[in-house]
Amino acid sequence: MASLSGLCSSSPSLKPKHSLWKSSLNPPLLKTSLTYRTRTLLTPTRSIASDIPADLSKANDKLPNKPRQPGLEKDPNSLWRRYVDWLYQHKELGLYLDVSRIGFTEEFVSEMEPRFLKAFKDMEELEKGAIANPDEGRMVGHYWLRNSTLAPNSFLKTQIDKALDAVCDFADQVVSGKIKTPDGGRFTQILSVGIGGSALGPQFVAEALAPDNPPLKIRVSDNRDAAGIDHQIAQLGAELASTLVIVISKTGGTPETRNGLLEVQQAFREAGLDFAKQGVAITQENSLLDNTARIEGWLARFPMFDWVGGRTSEMSAVGLLPAALQGIDIREMLAGAALMDEANRTTVLRNNPAALLALCWYWASEGVGSKDMVVLPYKDSLLLFSRYLQQLVMESLGKEFDLDGHRYVRVNQGLTVYGNKGSTDQHAYIQQLRDGVHNFFVTFIEVLRDRPPGHDWELEPGVTCGDYLFGMLQGTRSALYANDRESITVTVQEVTPRSVGALIGLYERAYLHLIAIPGVEAGKKAAGEVLALQKRVLAVLNEASCKQPVEPLTIEEVADRCHAIEDIEMIYKIIAHMAANDRALIAEGSCGSPRSLKVFLGECNVDELFA
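Residues numbered from 1 in each chain as written. Predicted model: local features only at pLDDT ≥ 70, side-chain atom pairs only at ≥ 80, totals over all residues. Heavy atoms only, no water.

Caption draft 1: Inspection of the packing of aromatic side chains at higher detail. In the structure shown here, the tally under the stated rule is 19 aromatic pairs. Between the aromatic rings of Tyr378 and Phe444, the centroid separation amounts to 6.1 Å while the plane-to-plane angle is 50°, which identifies the pairing as tilted. Separated by 66 residues along the polypeptide, Tyr378 in the loop between strand 9 (372-377) and helix 12 (385-397) and Phe444 in strand 13 (residues 440-447) bring together distant segments of the chain. Phe444 carries the same exposure label as Tyr378, and that label is buried. An aromatic cluster of at least three residues, connected via ring pairs, comprises Phe204, Trp361, Phe385, Tyr388 and Tyr507. Here the guanidinium or amino end of Arg82 rests over the ring plane of Phe104, the centre of that ring lying 4.7 Å away. The ring of Tyr481 carries the charged tip of Arg101 above its face, separated from the ring centre by 5.0 Å. (Phe/Tyr/Trp six-rings, centres within 6.5 Å; stacked < 30°, edge-to-face > 60°. Helix = DSSP H or I, 4+ residues; strand = E, 2+ residues; numbered from the N terminus. Buried < 20%, exposed > 50% of the residue type's maximum accessible area, 1.4 Å probe, protein only. Lys NZ or Arg CZ within 6 Å of the ring centre and 35° of its normal.)

Laid out in structure tokens, this is it:
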């Protein structure tokens, strides 16, 4: 079970015109969810790294005045305590959430806690099947997909279980060759035709999890650029005859998907192929697409449920079927999401990772989306995560009108998301992030495991390729913070179906909670400083490991012997990274509890003692 480890692995009030907590979204949520009609206590506290415009500082005399904060906390010892106190760890998932570099105050948290309690209650009702929006009469139940026992009735549970079993059975038969191409061969390719959530989720998961040589390779047609469609067909070449075409549309009436289908069908006719024998539909029962597929005798049909929105459909047949056909363990993805859902049901704010994210988003963007969220995953396989989050967050929060019964108020709110992978961005827009307009906060996505066990090697003594990437992440984080740029860090042990499922579950719930309630050279310089510190840590640990008996050291002892007490947090991160890659051994404690740790290297390098 997830827990917030207290040990581990403010500025003046801003008076915004509107609040992100009140929004009419698709899928819509309970109108009571964190919709506060009294804003006296809810007024978001501005990021303490920025100044308040004069016109806003005088906005509402009724709002409480909060004492001006001197700026983001910079004292190393205080920062270390803040890091330890706020670090969230989910032991079973190997996931950590560090919110210590967002400058919210304890007073702000205290003000928000009652409102989150209301949000938790509303989410509980939502999961029980409450109607999310009376205008549409729809439930919102994507979390039932990964734990059907939570569905509000036995009929829905049966639907979910039958759909999952059908997806697994069909994928197994295609991959094993029991379901053959019209000419009796094996399917080798997938062409997925969809748009928005029907494309972004499957693309992200394929990039993150597909093996190097999957049983079926996937292509996604998510735009109606005629030349782009021609390119996809041309790239398939003769393999068009062994391509499984998955058409994804809730109704079949979406123009982009319909046009894409017609283009693909025309390509099949020109090649002399029978599209129906290679076509698969994922759609609502009795929709236009469903009826077309049934009448024409397509190879298979899978359901989309009314209570699953497009941007939260990755755990339905929309995302699970393409993933299973690529050899990805979809039940592990579901398990990871289910574990994260369970963690996000706790009513203790500090122990709820999605609520912590929402709290940080609210603080950093002043409750009205005044700052952008820059997502930087430091792993090639997570390249598309920021694109996936763009739709999940921006489509959900970007709204012109608020909904309060039948009373509409113009709000023009949202949270802009963009990003690319680290450390690619050391050579792109991080220069502006550090020295340019302060209109953003950063989310770093960190993966501790660099390579599979036994496959790493040192580029130079004590330094691997993964260490350089780790150094760039930590150096960038430090360089941005030194210039008063706030950040969140989400850490996973490695990219697996379970951890990807957990990330999807985390961010799906985070935006629901929010509704319901350095420059290039600086980065490189800081990264070099991290690697230099790592060498000092290695030397200290090696000396302790050469003693008889071996002397395991605490984080504080390592920092003291490195003469770098002010860098204790970075020393902990270095050791955690080394331990994740089997280059340091933990004698006592766990990475989730930094003060409990005692570590050593596991072997003594005598030559290094006299180097």
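Caption draft 2: Just the packing of helix 14 (residues 465-482) against helix 18 (residues 568-580), in detail. At a minimum axis separation of 11 Å, helix 14 and helix 18 run at an interaxial angle of 155°. If you check the angle between helix 14 and helix 18, you find them roughly antiparallel. Between helix 14 and helix 18 lies a crossing of right-handed hand. Together, Gly466, Asp467, Phe470, Gln474, Arg477 and Ser478 of helix 14 and Glu569, Met570, Lys573, Ile574 and His577 of helix 18 make up the contact between the two elements. Its residues assigned to classes, the contact of helix 14 with helix 18 comprises three nonpolar, four polar and four charged. (Axes fitted to C-alpha atoms, helices over the stretch in contact; angles between N-to-C directions. Parallel < 35°, antiparallel > 145°, perpendicular 65-115°, else oblique. Left-handed = near helix turned anticlockwise from the far one by under 90°. Contact = heavy atoms within 4.5 Å. Nonpolar A, V, L, I, M, F, W, Y, C, P; charged D, E, K, R; others polar.)

Caption draft 3: Region of interest: unusual backbone geometry. Of the consecutive residues Gly422 and Ser423, the connecting peptide bond is found in the cis state with omega at 5°. Relative to the helices and strands, Ser423 resides in the loop between strand 12 (417-419) and helix 13 (430-435). Its identity is not glycine, yet Asp484 carries a phi of approximately 65°, on the positive side. In this structure, Asp484 sits in the loop between helix 14 and strand 16 (487-492). Phi is positive for His563, close to 55°, though the residue is something other than glycine. You can see His563 is positioned in the loop between helix 17 (555-561) and helix 18. Classification of His563 by relative accessible area gives exposed; the value is 71%.

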